[in-house]
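Listed below are the residues making up each chain.
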Amino acid sequence: MSEAILPQAQVAHAMPGRARLRVADRRGDAAYFASVSKGLSAIAGVRAVEVAPLTGSVLIQHSGPLARIGVAAQEARLFVVGEAPHAAREAPAVSIDPKAVAALALFAAALWQMSKESVLPPAITLLWYASRLGGVWSLDGDGGNGD
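A quick note: this is a predicted structure, and the numbers were derived from the prediction, not measured. (Residues numbered from 1 in each chain as written. Predicted model: local features only at pLDDT ≥ 70, side-chain atom pairs only at ≥ 80, totals over all residues. Heavy atoms only, no water.)

### Some details on the nonpolar core
Moving on, step 1. By size, the foremost hydrophobic cluster in this structure holds 17 residues, and its most contacted members are Val36, Leu40, Val58 and Phe79.
Moving on, step 2. For this core, the secondary structure elements donating two or more residues are helix H1 (30-41), strand S3 (46-52), strand S4 (57-62) and helix H2 (66-75).
Moving on, step 3. With four residues, the top contributor of residues to this core is H1.
Moving on, step 4. Among all residues touching Val36, those that are not within four sequence positions of it are Val58, Leu78 and Phe79. (Core = buried A, V, L, I, M, F, W, Y, C linked by side-chain atoms within 4.5 Å. Buried < 20%, exposed > 50% of the residue type's maximum accessible area, 1.4 Å probe, protein only. Helix = DSSP H or I, 4+ residues; strand = E, 2+ residues; numbered from the N terminus. Contact = heavy atoms within 4.5 Å.)

What follows is the structure, given as structure tokens:
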């Protein structure tokens, strides 16, 4: 078996003494993961190995550097440890309508005025402006925002 066809294992999570690898190419292959469990258990420094063929996951509890275990796994023809692809998380695009923000601010100010029992004229005026800016209704009867 040449190194070019060894399965690629990605480090999904690693911390001192514990690492989770994903072998996506062999997911579901119970025989392969049984051989990985047996092969990794024979490597010096590996304390315990748990495999989950259904998910393609290998959990290794070890002492010493993970890189040394990766080299030993490659020499044992189990897999090649590669870098996990770093998927950049992009914030979803949010479009904020300035008129809606202004309308909400005016509405909040109207509620504040009402809490101070200043309903006429401050609260009513603020509600009027908020409803016009928010497009609730208009004087010309078209239901638009009065532009």
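So, next bit.
### Details of H1
Moving on, step 1. A rise of 1.5 Å per residue sets the reference length of H1, with its twelve residues, at 16 Å; its end C-alpha atoms lie 16 Å apart and thus fit the reference within 8%.
Moving on, step 2. Restricting attention to buried positions, one finds in H1 the residues Tyr32, Phe33, Val36, Ser37, Gly39 and Leu40.
Moving on, step 3. Along its buried surface, H1 packs onto S3, S4 and H2. (Expected span 1.5 Å × (residues − 1).)

### Description of the pairing of S4
Moving on, step 1. Most of S4 is tucked away, with five of its six residues classed as buried.
Moving on, step 2. The sheet contact formed by strand S2 (residues 18-22) and S4 spans five bridges and is antiparallel. Of the residues in S4, the one forming a bridge with Ala19 is Ile60.
Moving on, step 3. Pairing of S3 with S4 involves six bridges; the strand directions are antiparallel. Paired with Val46 across the two strands is His62, which belongs to S4.
Moving on, step 4. Where S3 folds back onto S4 in an antiparallel hairpin, the turn is made up of four residues, including Gly56, whose phi is positive at roughly 75°. (Pairing = 2+ DSSP bridges.)

### With respect to the confidence of the model for the protein chain
Moving on, step 1. The pLDDT averaged across the protein chain works out to 82; a share of 81% of its residues lies at or above 70.
Moving on, step 2. Per-residue pLDDT stays below 50 along residues 143-147; that stretch engages in twelve contacts with residues further than four places along the chain or on separate chains. (pLDDT = per-residue confidence, 0-100.)

### So, the sheet that holds strand S1 (residues 8-15)
Moving on, step 1. Ordered in space as S3-S4-S2-S1-S5, the five strands form an open sheet in which the pairing is mixed. Every other strand in the sheet has two partners, leaving S3 and strand S5 (80-82) as the edge strands with one partner each. Looking at each pair of strands side by side, their axes are set apart by 30° on average, direction ignored.
Moving on, step 2. Where S1 meets S5, three bridges bridge the pair, whose relative direction is parallel. Looking at the pairing, Ala9 lines up with Val81 of S5.
Moving on, step 3. Against the sheet, H1 engages S3 and S4, with an angle of about 175° to S3. (Axes fitted to C-alpha atoms, helices over the stretch in contact; angles between N-to-C directions.)

### As for the environment of His62
Moving on, step 1. Within the element layout of this structure, His62 appears in strand S4.
Moving on, step 2. By relative accessible area, which is 4% here, His62 ends up buried.
Moving on, step 3. Along the primary structure His62 and Val46 are separated by 16 residues, whereas in three dimensions their C-alpha atoms are 4.3 Å apart.
Moving on, step 4. Each residue touching His62, except ones within four places of it in the same chain, is listed here: Met15, Gly17, Arg18, Ala19, Gly45, Val46, Arg47 and Ile69.
Moving on, step 5. At 3.1 Å, the side chain of His62 and the backbone oxygen of Gly64 are in polar contact. (Polar contact = N/O pair within 3.5 Å; in protein donor to acceptor, adjacent residues only side chain to side chain.)

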